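# Notes for the structure review
What follows is each chain in one-letter form.
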Protein chains: 2
Amino acid sequence: MATIYEVAAKAGVSPATVSRVFNGLPVSAEKIDLVRAASDELRYSPNKTAQRLRNQTSEVVGLLIPDIENPFFTALARGVEDVLQAAGYSLVLCNTDEDPSKETHYLDIANSENMAGVILAPVAEDGDIRRLTDRGRPVVAVDRNTGLNIDAVMVDNRAAGIAAATSLWDAGYRRIACIAGPVEIESTEERTLGWRQVVTKHGGDATGYLQHANYRVDGGRTAMEALLALETPPDAVVTTNNLMGVGAIQVLSEAGIIPPEIGVAVIGDLPFTTLSPRAITQVHLPARHLGTTAANMLLERIAGDKQPARTVVLRADVTLGLAPVAAS
Amino acid sequence: MATIYEVAAKAGVSPATVSRVFNGLPVSAEKIDLVRAASDELRYSPNKTAQRLRNQTSEVVGLLIPDIENPFFTALARGVEDVLQAAGYSLVLCNTDEDPSKETHYLDIANSENMAGVILAPVAEDGDIRRLTDRGRPVVAVDRNTGLNIDAVMVDNRAAGIAAATSLWDAGYRRIACIAGPVEIESTEERTLGWRQVVTKHGGDATGYLQHANYRVDGGRTAMEALLALETPPDAVVTTNNLMGVGAIQVLSEAGIIPPEIGVAVIGDLPFTTLSPRAITQVHLPARHLGTTAANMLLERIAGDKQPARTVVLRADVTLGLAPVAAS
DNA sequence: CAGCTTGACGAAACCGATTTCTTGCGATCT
DNA sequence: AGATCGCAAGAAATCGGTTTCGTCAAGCTG
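Residues numbered from 1 in each chain as written. Chains lettered and ligands numbered in written order. Predicted model: local features only at pLDDT ≥ 70, side-chain atom pairs only at ≥ 80, totals over all residues.

Here we take up the relation of the copies chain A and chain B. Between the two copies, chain A and chain B, the superposition gives an RMSD of 0.2 Å; the rotation angle is 180° and the shift along the axis is 0.1 Å. The superposition operator between the copies reduces to a two-fold rotation axis. (Least-squares fit on C-alpha atoms with pLDDT ≥ 70 in both.)

Put into structure tokens, the structure is as follows:
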């Protein structure tokens, strides 16, 4: 890799002039040509690390997501990437694996790597986000809230929970269970509250029908198995994310129970949808849109926008299960 | 962020000594304590950018994959990540979107960011990989080959194609079609050759039953629709990747054709498997293992291993569709 | 005890860019 | 014509680490 000094030597100018040429600062046409010729010949491109050290910033944005194998988060990542790429930024994707220590680790990296900003779906309550914001680095929370006063893009989780449970109630199901994620995650709690609200409003009984599980397929499986083993099993179930929904449906289909024999409503998009039984309600979460919105907000902040922190709430969008059948 | 100079001043030593403490070079116990105390108090952590500029390397590895929304690649990414994380490296994930220009862009970044190495599933033939290897940066190809003489971790794609087609032939299907990916991608071509080899060996006719499509769900849909529209539609189909398999199955199920009425063999794992019909053959690709193997090879190279380039070939592993039924 | 080795540690160079400061030259003003 | 202004462009400082080099004192040898 050629350096700016080699280019300067070959062009017969000072490094400062080369730098000015590359940054569009005023230089005589004659020297511009010399520099252009020399740098082309040497295939020079500025060393980003040196630029970053000098400028104290870089055109790199970090995205921290809790599960890279969850299509919800990869769709979100796509949204982020599309916006950033168009704006000339690079995205580095970090998988926190729902592990607060990994989250801290990657936030440290974002910090010492002088990333321009960070978008994260937080695992820990406040994490070490402060380290970044204290240095003036913008951080946008996405999908999950933080305790801090920073920009956030969320889904109306309560409404999503309500929609899921309501669709089942309206279809005639009366013993509606809920498979929820880890209690620490606020989004799943809100969805659970939505479910509970619907059930109790109608005088139903929620106790005993709430299962907490990890947010992955195996969590959904375990929880569904537990529900089926109850004395009076539920006649319907809401899962608060997509992967647990997959797990639940797997268990049901293995047990030979096919919706609408049991009601199923999933908050989130079932991956690769039409592979699944039709009679399932999906509360579609705007994953990609979440990503594009967050990325745009981050870019505004990077550009110097100083307005107070905003929280944007996107609404989910329900697809009713086809042919729901009344159950007692 | 505190700098090494501030720590040095507070501890009453020189910056060099602080650096030595942090790098485990010999320093008297007394000064070590002073430095430790000072750096704890200032919450000092070394600036990675400065380290990188000075050391001309970083503990960051780039992983370039063509489609972040394909579970095959995210599983591969998990494998890479697990190994790297354990070795103290950070992973940055870049989505090339099957676009050679994006690939070039990210390779440039890897270069000017002084990444320790790169693992990539190449899109372009040789890309600009040379820029990295010329500087002594190790590059490992994964899943797809390059024209270059570098380490590679591949799947035995020919065998996978043969296994997929054979399972259908053995189940009694005789008009076996193939939905293949873009011709430029070597892995899909090899799989296609495997399919063709089986069909022609048995005196079958492959012409007219080969569809090329993009490597995503919609490609699989389009190709399957085209096959169904033929005068004599096939009675079975092989898809050379997972997502096209999903697309094909979607079209079939929408048309009311459920395997084993038609034979289906997918090379790759159907995501979230048990949501799909049972009578489908899957040729399981060792995605995660591909990732761990590639990461380990890369780490060896980073550590200075100079042996000639190796190519590791992993075998796929077949799950026959349940209850295949003979068709004419 | 002189002479030599050894080891801790500070001063300064270095990585490769950007930016401030300074210089020098030609054009404009009075 | 002499003073002033403007502008291109070089010298040098800077970002924050690491590493070489040199110094100096303590320990060892003969």
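Read on, since the account is not over.
Turning our eyes to something else, we now look at the interface of chain A and chain B. Counting residues at the interface gives 37 residues for chain A, matched by 36 residues for chain B. Those elements giving two or more residues to the side of chain A that touches chain B turn out to be α4 (48–55), α5 (71–86), β2 (90–95), α6 (100–112) and α11 (242–254) of chain A. Per-element tally for the side of chain A that touches chain B: the top contributor is α5(A), with six residues. (Contact = placed C-beta atoms within 7 Å. Helix = DSSP H or I, 4+ residues; strand = E, 2+ residues; numbered from the N terminus.)

Below, the discussion takes up the sheet that holds strand β7 (residues 210–212) of chain A. Residues and elements named next belong to chain A. Taken together, the six strands give an open sheet; going across it, the order is β7-β6-β8-β9-β10-β12, and neighbouring strands pair in mixed fashion. Where the open sheet ends on each side, the last strands, each with one partner, are β7 and β12 (317–319). Between one strand axis and the next, the sheet turns through 15° on average, direction left out of account. By the bridge criterion, four bridges tie strand β8 (residues 236–239) to strand β9 (residues 263–267) in an arrangement that is parallel. What sits directly across from Ala236, in β9, is Gly263. Strands in contact with helix α10 (residues 217–228) are β6 (176–180), β7 and β8; relative to β6, the strand with the most contacts, it is inclined by about 150°. (Pairing = 2+ DSSP bridges. Axes fitted to C-alpha atoms, helices over the stretch in contact; angles between N-to-C directions.)

Turning our eyes to something else, we now look at the sheet that holds strand β7 (residues 210–212) of chain B. All names here are of chain B. Taken together, the six strands give an open sheet; going across it, the order is β7-β6-β8-β9-β10-β12, and neighbouring strands pair in mixed fashion. What marks the edges here is a single partner per strand, and that holds for β7 and β12 (317–319). Pairs of neighbouring strands in the sheet enclose a mean axial angle of 15°, with direction left out of account. Across the face of the sheet, helix α10 (residues 217–228) comes into contact with β6 (176–180), β7 and β8 (236–239) while running at roughly 150° to β6.

Let us look at the protein's contact with DNA strand D. Close contacts around DNA strand D come from 26 residues, with A:Ser14, B:Ile4, B:Ala16, B:Ser19 and B:Ala50 the closest. Those elements that place two or more of their residues in the surface near DNA strand D are α2 (15–22) and α4 of chain A together with α2 (15–22) and α4 (48–55) of chain B. For the surface near DNA strand D, a count of residues per class yields 13 nonpolar, nine polar and four charged. (Near = placed C-beta within 6 Å. Nonpolar A, V, L, I, M, F, W, Y, C, P; charged D, E, K, R; others polar.)

Our next topic: the pairing of β6(A). Residue and element names in this part refer to chain A. Burial analysis of β6 places five of its five residues in the buried class, the great majority of the element. Neither face of β6 is left uncovered, since the one carrying Ile176, Cys178 and Ala180 and the one carrying Ala177 and Ile179 both have all their residues buried. Taken together, the four bridges between β6 and β8 define a ladder with parallel strand orientation. Opposite Cys178, over in β8, you have Val238 as the bridge partner. (Buried ≥ 20, exposed ≤ 12 C-beta atoms within 10 Å, placed from the backbone.)

Now for the confidence of the model for chain A. For chain A, mean pLDDT is 89; residues scoring 70 or higher make up 95% of the total. For residues 323–328 of chain A, every residue scores under 50 in pLDDT, and the model assigns this stretch 14 contacts once sequence neighbours within four places are set aside. (pLDDT = per-residue confidence, 0-100.)

Turning next to the environment of A:Trp169. All names here are of chain A. With respect to the element layout, Trp169 can be found in helix α8 (residues 157–170). Using a count of 19 C-beta atoms within 10 Å as the deciding quantity, one classes Trp169 as partly exposed. The spacing of Trp169 and Asn214 is 45 residues in sequence and 26 Å in space, taken between C-alpha atoms. Apart from the residues within four sequence positions on either side, Trp169 is in contact with Ile176, Val198 and His202.

The next point concerns helix α1 (residues 4–11) of chain A. All names here are of chain A. Of the residues making up α1, those classed as buried are Ile4, Val7, Ala8 and Ala11. Looking straight down α1, one finds its buried side chains confined to an arc of 100°; they lie on one side. Buried residues in α1 make contact with α2 and α3 (29–42). At the C-terminal side of α1, Gly12 shows a positive phi close to 70°. (Arc of directions from axis to C-beta.)

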